[in-house]
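Here is how the chains run, residue by residue.
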Amino acid sequence: MPYRRLPNTDVARLRAIEAGLELGKRTALKKLAFSQQTLENLQTFYPHFLGAIRQLNISKQNQFDRSKDYGEIFRKSKLYLSHFLQVVNFAILRGEMKPEVIEFYGLKANSKATPPLNLEANVMTWGERIIEGEQKRIQKGGSPIYSPSIALVKVHYEEFVEAYRHQKMLQNITNRASMKVAELREQADQLIQEMWNEVENSLLHLSDDEKREKASEYGIVYVYRASEQKKNEVESLQQSIVFS
């Protein structure tokens, strides 16, 4: 026997609720296969669930649309910070600066390695250290570094910080929207199950085939198990051979 399968996606949940609401509009209450209370619950719940899903989709799209620009801003910020330190190291290598100046930027003396800048947190930390370090070095009488200048590095770093905070805000909005849908999803499953239980109970007087056909009008989905599906296919094949 086929078994009833509850919706497992939000689209399917909306479709199931909409099927019940549509029948509630065009069917007299005394002929409706589920109760007036369930219909009222569906009418109250549906706009909240639909609105929450739409808000989640909008939030995801906003985050996706911004992600490409954010990725480029992140890349440029890393690039300018890395190039700036490379210029410092080249100046030390040429003897134009003493090896100790690298300590202004939070690095160990004689260290020629560029700090890790793969993660956003790395860029946030090292960007601040490098900008403050260059300012301190100049205050101590050091000559400014150009190509790139610290001013240009700072512009790209601050652009990254602003974009990072905006991206985090979009992520938080998406997370809140996702949590709201998750909460309503539980209510949706409960309402659908209650509606479908009432429908099936009202159709108990019908044969199994008639009951499933009538219940399908209310959006109830019945599926065969894999073994049953295979058995039906074999029987259909045998019948086609007999009548061919």
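Placed above this text is the structure.
Residues numbered from 1 in each chain as written. Predicted model: local features only at pLDDT ≥ 70, side-chain atom pairs only at ≥ 80, totals over all residues. Heavy atoms only, no water.

Undergrad: Help me get a handle on the pattern of salt bridges, residues and values and all.
TA: If you walk through the whole model with that rule in mind, you get eleven salt bridges. The partner of R75 in a salt bridge is E72, and the shortest N-O contact between them spans 2.7 Å. Here R75 pairs with E72, and both are found in helix α2 (residues 36-93), just three residues apart, close to one helical turn. According to the relative accessible area criterion, R75 is partly exposed, its value standing at 41%. Of the residues examined, E72 reaches a relative accessible area of 34% and is grouped as partly exposed. (Salt bridge = Lys/Arg side-chain N within 4 Å of Asp/Glu carboxyl O. Helix = DSSP H or I, 4+ residues; strand = E, 2+ residues; numbered from the N terminus. Buried < 20%, exposed > 50% of the residue type's maximum accessible area, 1.4 Å probe, protein only.)

Undergrad: Outline helix α5 (residues 208-216), listing residues and values.
TA: Buried residues of α5: K211, R212 and A215, and no others. On an axial view of α5, the arc spanned by its buried residues comes to 95 degrees, and they lie on one face. With respect to the buried face of α5, the exposed residues turned more than 90 degrees away are D209 and E213. Residues of α5 that are buried sit in contact with α4 (150-202) and β2 (222-223). (Arc of directions from axis to C-beta. Contact = heavy atoms within 4.5 Å.)

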